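# Close look at the chain arrangement
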Amino acid sequence: MVIYLDNNATTQVDPKVLEAMLPYLSELYGNPSSMHSFGGQVGSAVQEARAKVAALLGAEDTEIIFNSCGSEGNNTAIHAALAAQPEKRHIVTTAVEHPAILNVCKHLEKKGYTVTYLSVDRRGQLDLMEVEAAMTGGTALVTTLYANNETGVIFPVEQIGAIAKEYGATFHVDAVQAAGKVTINLQTSTIDLLTISGHKLHAPKGIGALYVRRGFRFRPFLLGGHQERGRRAGTQNVPGIVALGKAAELAHQHQQDVEHERRLRDLLEKQLLERIPDCEVNGGGSKRLPNTTNIGFKYIEGEAILFMLNQYGICASSGSACTSGSLDPSHVLMAMGLPYTILHGSIRFSLSRFTTEDEIQQVLAVMPGIVEKLRALSPFNNDESDWLQSRDLVSA
């Protein structure tokens, strides 16, 4: 039996989503760009899905471009923003972005762009005064997360967007973790470009979408055919598009799922903090996604916790799945200025609408024993100075 609490890494495909997409993997295999009616019915399904995604985001159908994933959406958005104002060579982002933003910015620095990486405080939150101070007349783009994938901390995107507008900069938001979990209304928003990904809201991997505000001077990233009104070349992934449309429809219809996730998340947090000494919620003082908690357990290694949880069939993570191959501490938690005693023992639990209270109780039943066992094996006897000294020796 698997208890899956790693939904910020990927989600289970909803059975209703799978049911909706299956015909387009079998009998409805026509090309949506074909002139004949067999392809035309497939094209109609693509447009229906587009309308459903637009409804979830409070956007117009024509403002939605289907693509392959969040990384493609982010790359496309950054490319488009810089192409729209080629005379401007400055980008503002944050130190806690997903690698799909940070690594693009690092690449652009090598190409001559200047990038400002905004700091966050101990709660994982931005200082709007720092945002304002970073802006110049040469700022082409401000790009931030809607909500952090590791801590769930939600940024004040509308206020950030208002500042960007004052300086004539394009505002892009990576909403991969937020879509379907918080209410987004782009009709009244300061956001110009917004990225989502299907596999984070119970659609399959390999499908995503980019919102492009009507009137924005958009330059395509992928060149080729006329698909997506000439804005994203390549034969459309119809099964994935239909799946994303269905997933968006379900997320839009079932807002009660958000409260279900919040209730179970809060239960998990409260009980872990009560049952286990020397632990704290990272970003707990900020507004967060309802499904996410990141808890630091002092004096032990997060990887050891994950290994022992795995023996019980419990899936969690120590950070972004896109950086899980690295042995370095989380760049998000480091940017928050957390002490090493918390930094190395932090675990992210991320829930979904399929998470049950019984599963949460099973996690609560084993976690105190896991932490107690690992602390008993630690040579530092929960001594903060010894622990810090050991980390300094390792890093040296």
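This text follows the structure it describes.
Residues numbered from 1 in each chain as written. Predicted model: local features only at pLDDT ≥ 70, side-chain atom pairs only at ≥ 80, totals over all residues. Heavy atoms only, no water.

### Description of empty space enclosed by the protein
Heads up, the rule is: Method remark: on a 1 Å grid restricted to protein atoms, a set of points is classed as a cavity if a 1.4 Å probe fits but cannot get out and as a pocket if it is open with protein on both sides within 12 Å along at least five of seven lines; lining residues have an atom within 4 Å of a point. Grid points are joined across faces, edges and corners, and a volume is the space filled by probe spheres set on the points. Residues are grouped as follows: Ala, Val, Leu, Ile, Met, Phe, Trp, Tyr, Cys and Pro are nonpolar; Asp, Glu, Lys and Arg are charged; every other residue, Gly included, is polar.
Taken as a whole and judged by the stated rule, the model has four cavities of 30 Å³ or more. Taken as a whole, the largest cavity encloses approximately 160 Å³ of empty space. Lining the largest cavity are 17 residues, and of these Gly-180, Lys-181, His-202, Glu-261 and Arg-353 lie nearest its centre. Class assignment of the residues belonging to the lining of the largest cavity gives a composition of five nonpolar, seven polar and five charged.

### Describing helix α10 (residues 302-311)
Quick reminder of the rule: Relative accessibility thresholds used throughout: buried, under 20% of the residue-type maximum; exposed, over 50%; partly exposed, between the two (1.4 Å probe, protein chains only). Strands are runs of DSSP state E lasting at least two residues, helices are runs of H or I lasting at least four, and both sets are numbered from the N terminus onward. Regarding the arc, it is the one traced by the directions from the helix axis to the C-beta atoms. It only takes one pair of heavy atoms within 4.5 Å for two residues to be counted as in contact.
Along α10, the residues that are buried comprise Gly-302, Ile-305, Leu-306, Met-308 and Leu-309. For α10, the angular spread of buried residues about the axis comes to 165 degrees, placing them on one side. Looking at α10, the residues exposed on the side facing more than 90 degrees away from the buried face are Phe-307, Asn-310 and Gln-311. Buried residues in α10 make contact with β10 (292-297), β11 (314-315), β12 (346-350) and α13 (357-377).

### Re the sheet that holds β12
To keep things clear, this is the line we draw: The rule for pairing is simple: two strands pair if DSSP sees at least two bridges between them. To obtain each axis, a line is fitted to C-alpha atoms, and for helices this fit is confined to the stretch in contact; angles are then taken between N-to-C directions over 0 to 180 degrees.
Across the sheet, three strands lie side by side as β9-β10-β12; this open sheet has antiparallel pairing. Looking along the sheet, the strands with just one partner apiece sit at the ends: β9 (279-281) and β12. Within this sheet the neighbouring strands show an average axis-to-axis angle of 25 degrees, counted without direction. As paired strands, β9 and β10 are joined by three bridges and run antiparallel to one another. Each residue of the ladder has a partner; that of Cys-279, found in β10, is Phe-297.

### Some remarks on the nonpolar core
So the rule is basically this: Remark: nonpolar core denotes a set of buried residues (Ala, Val, Leu, Ile, Met, Phe, Trp, Tyr, Cys) joined through side-chain atoms within 4.5 Å.
Counting residues in hydrophobic clusters, the biggest one holds 65 residues, and the most contacted among them are Val-53, Leu-57, Ile-64, Phe-66 and Leu-194. Element by element, the count of residues in this core is highest for helix α8 (residues 238-253), at nine residues. When near neighbours in sequence (up to four residues on either side) are disregarded, Leu-194 contacts Leu-57, His-172, Val-173, Ala-175, Leu-186, Ala-209, Leu-210 and Tyr-211. Counting residues in each nonpolar core, the second largest holds 28 residues, with Ala-316, Ile-370, Val-371 and Leu-374 among its members.

Take it as geometry only, folks, not as evidence of what the structure does.
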